[in-house]
Amino acid sequence: MAASRIVIENCAIATVDANDTEYASGYVVVADNLIESVGAGGAPGGLENVVRRVDATGHLLTPGLVNTHHHFYQWITRGLATDHNLFNWLVALYPTWARIDEPMVRAAAQGSLAMMARGGVTTATDHHYVYPRGSGDLTGAIIGAASETGVRFTLARGSMDRGQSDGGLPPDFAVESLEDALAATEATVDTYHDASFDAMTQITVAPCSPFSVSTELMRQGAELARRKGVRLHTHGSETVEEEQFCKELFGMGPTDYFESTGWLGDDVWMAHCVHMNDSDIAAFARTGTGVAHCPSSNARLAAGIARVPDMLKAGVPVGLGVDGTASNESGELHTELRNALLINRLGAHRESALNARQALRLGTYGGAQVLGRAAQIGSVETGKLADLVLWKLDTLAHSAIADPVVALVFGAAAPVTLSLVNGRTVVEDNHLTSVDEDAVARSTRTEAQRLARIAAAG
């Protein structure tokens, strides 16, 4: 059967390939779910079975954005505990989060995914680690919401087995036993993980953090992941308090602790990594361990500024993350391009910390690297999957900015005229094609109110 083709032409293109190839005016041809060709000028003549031709004058085409860290369930607890550091914020919100159930998680996932997708995200990650007893099929609800939205998706199946009675932060009724956590994680991998080139759903093993997880769950989780051939994800070195916690409990800092439990390697990525010294960064570079940089969340919780320029110089893979919307209420990744650049310029490297193209790379190819999918997504190259975004840059918001990449990163959030995932249209004229945004807004309000009532009743 002949391939169906989509032709996009007359747009600026930032490929984010190894050479940072760009075209002031170029074209992309999509054949089914793959990029067939990309280049300068007009598209080749004589193409067969062209089902759509897009005149993209006034636009920038980039790879789809790749979100490497999130907590979808937090959509229904936005705007709470707004003046807290991380540990106090967790203590304030865990009693509420411990009461989530399947309808709440489904609505929250729909809200989180919709907000990201309409803002240019084509690959999303959710680190879900709260599984209260009797709460229903939370994993199925999240994966179902991702499928409905149409984005490529990685579920980081999280877990916690260190409750308050064992010195952890979450309430005891919100944690699983070691055995249950490992069994449920393995079942999730067996049921949902797709290792194929164009996989739409993948699973990673993701115990929550050193202060909510036992050492045995960390060790056995790493063994499980490698036995199953999937990746590993957790939180790491987010705050000064976490470093103190690790030293008091384990007699070593977070990076040394992770290495002792098998949690450094090119199949691992960690969220945040704000408080890392030179030896920590060297260990990540030596082992190929990746980082999900979440600048807005780190600022919201006063965690600090991650040393992203130093990580990149050392060769550490770095992508961007929204983080949960209880610590980044905007829920958008395209704004993280700008915030990553601006916040890192407040650090030691000042104006040379990051530039616009480095920020775009973090949000695209860097994220693909971190998720282990750089061969399939993250750049506009022949043979890669057709996850593409057309950003509209010809309005007042970006007028007089001649460089389209600078306009996208430094300027106001650009509308998405078209977003393709696996060659299928997910966003058209800044609206989702398969999701009723108003219905999602209503359901998230309803579930947020229900959760608040349940939490208040204790």
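All of these numbers come straight from a predicted model, not from anything done at the bench.

## Quick word on the pairing of strand 16 (residues 424–428)
Then comes step 1: Pairing of strand 15 (residues 416–421) with strand 16 involves 4 bridges; the strand directions are antiparallel. Bridging from a neighbouring strand, Ser 419 pairs with Val 427 of strand 16.
Then comes step 2: Between strand 15 and strand 16, which pair antiparallel in sequence order, lie 2 residues; one of them, Asn 422, sits at a positive phi of approximately 60°.
Then comes step 3: Bridge analysis of strand 16 against strand 17 (residues 431–432) gives 2 bridges, and the strand direction is antiparallel. Along strand 17, the bridge assignment pairs Glu 428 with His 431.
Then comes step 4: Hairpin geometry of strand 16 and strand 17 is characterised by an intervening segment of 2 residues between the two adjacent antiparallel strands and by a positive phi of about 50° at Asp 429.

## Topic: the confidence of the model for the protein
Then comes step 1: Per-residue confidence for the protein averages 96 on the pLDDT scale, and 100% of its residues sit at or above 70.
Then comes step 2: At the level of individual helices and strands, the protein shows its lowest average pLDDT in helix 6 (residues 240–250), which scores 86, and its highest in strand 5 (residues 59–63), which scores 99.

## Topic: the UniProt feature "domain: Amidohydrolase-related" (unreviewed entry) in the protein
Then comes step 1: Here the UniProt feature "domain: Amidohydrolase-related" (unreviewed entry) sits at residues 61–406.
Then comes step 2: Across residues 61–406, helical content stands at 40% and strand content at 14%; the span's end C-alpha atoms are separated by 13 Å.

## Section: the side chain of His 127
Then comes step 1: Mapped onto the elements, His 127 comes out in strand 7 (residues 121–128).
Then comes step 2: Within the structure, the side chain of His 127 is placed 2.9 Å from the backbone oxygen of Ala 206, a separation counted as a polar contact.
Then comes step 3: Sequence-distant contacts of His 127, that is, excluding residues within four places in its chain, are made with His 69, His 70, His 71, Ala 156, Gly 158, Ala 206, Pro 207, Cys 208, His 233, Thr 234 and His 235.

## Describing the side chain of Thr 125
Then comes step 1: Counting through the fold element by element, Thr 125 comes out in strand 7.
Then comes step 2: Residue Thr 125 is classed as buried on the basis of its relative accessible area of 0%.
Then comes step 3: Within the structure, Thr 125 has its side chain in polar contact with the backbone oxygen of Asn 67 (distance 2.8 Å).
Then comes step 4: Beyond its immediate stretch of four places on either side in the chain, Thr 125 contacts Asn 67, Thr 68, His 69, His 70, Phe 72, Phe 153, Thr 154, Trp 269 and Leu 371.

## Here's the deal with the packing of helix 2 (residues 102–117) against helix 14 (residues 437–457)
Then comes step 1: Close contact between helix 2 and helix 14 brings their axes to 9 Å; oriented N to C, the two are set at 135°. Comparing their axes, helix 14 and helix 2 come out oblique. The way helix 2 lies across helix 14 gives a crossing that is left-handed. In contact with Pro 103, Met 104, Ala 107, Ala 108, Gln 110 and Gly 111 of helix 2, helix 14 contributes Val 440, Ser 443, Thr 444, Glu 447, Arg 450, Leu 451 and Ile 454.

## Topic: the pairing of strand 15
Then comes step 1: With 6 of 6 residues buried, strand 15 lies mostly within the body of the structure.
Then comes step 2: Relative to strand 15, strand 14 (residues 388–392) is paired through 4 bridges, and the arrangement is antiparallel. Bridge pairing in strand 15 links Leu 388 to Leu 420.

## Observations regarding the environment of Phe 87
Then comes step 1: Here Phe 87 lies in helix 1 (residues 86–97).
Then comes step 2: Once the C-alpha coordinates of Phe 87 and Leu 354 are considered, the two residues, 267 residues apart in sequence, prove to be 29 Å apart.
Then comes step 3: Sequence-distant contacts of Phe 87, that is, excluding residues within four places in its chain, are made with Leu 169, Phe 211, Thr 239, Glu 241 and Glu 242.

## Some details on the packing of aromatic side chains
Then comes step 1: The full count for this structure, using the stated rule, is 9 aromatic pairs.
Then comes step 2: Taking the centre distance of 5.5 Å and the plane angle of 90° together, the rings of Tyr 94 and Trp 97 count as edge-to-face. Pair noted here: Tyr 94 and Trp 97 are both in helix 1, with a separation of 3 residues, about one helical turn.
Then comes step 3: Under the relative-accessibility criterion, Tyr 94 is labelled buried at 2%.
Then comes step 4: Each ring, one from Phe 211 and one from Phe 245, has its centre 6.1 Å from the other, and the planes form 80°; the classification is edge-to-face. Highlighted residues: Phe 211 in the loop between strand 9 (201–207) and helix 5 (215–228) and Phe 245 in helix 6, separated in sequence by 34 residues. Residues Phe 211 and Phe 245 agree in their burial class; the two are buried.
Then comes step 5: Among the aromatic residues, ring-to-ring pairing joins Tyr 73, Trp 89, Tyr 94, Trp 97 and Tyr 129 into one connected group.
Then comes step 6: A cation over an aromatic ring shows up here: Arg 78 above the ring of Trp 75, its NZ or CZ 3.7 Å from the ring centre.
Then comes step 7: A cation over a ring is seen here: Arg 157 above Tyr 131, with NZ or CZ 3.7 Å from the ring centre.

Reading the values: the criteria
- Residues numbered from 1 in each chain as written.
- Predicted model: local features only at pLDDT ≥ 70, side-chain atom pairs only at ≥ 80, totals over all residues.
- Heavy atoms only, no water.
- Pairing = 2+ DSSP bridges.
- Helix = DSSP H or I, 4+ residues; strand = E, 2+ residues; numbered from the N terminus.
- pLDDT = per-residue confidence, 0-100.
- UniProt positions renumbered as here; feature names shortened; annotations may be inferred.
- Polar contact = N/O pair within 3.5 Å; in protein donor to acceptor, adjacent residues only side chain to side chain.
- Contact = heavy atoms within 4.5 Å.
- Buried < 20%, exposed > 50% of the residue type's maximum accessible area, 1.4 Å probe, protein only.
- Axes fitted to C-alpha atoms, helices over the stretch in contact; angles between N-to-C directions.
- Parallel < 35°, antiparallel > 145°, perpendicular 65-115°, else oblique.
- Left-handed = near helix turned anticlockwise from the far one by under 90°.
- Phe/Tyr/Trp six-rings, centres within 6.5 Å; stacked < 30°, edge-to-face > 60°.
- Lys NZ or Arg CZ within 6 Å of the ring centre and 35° of its normal.

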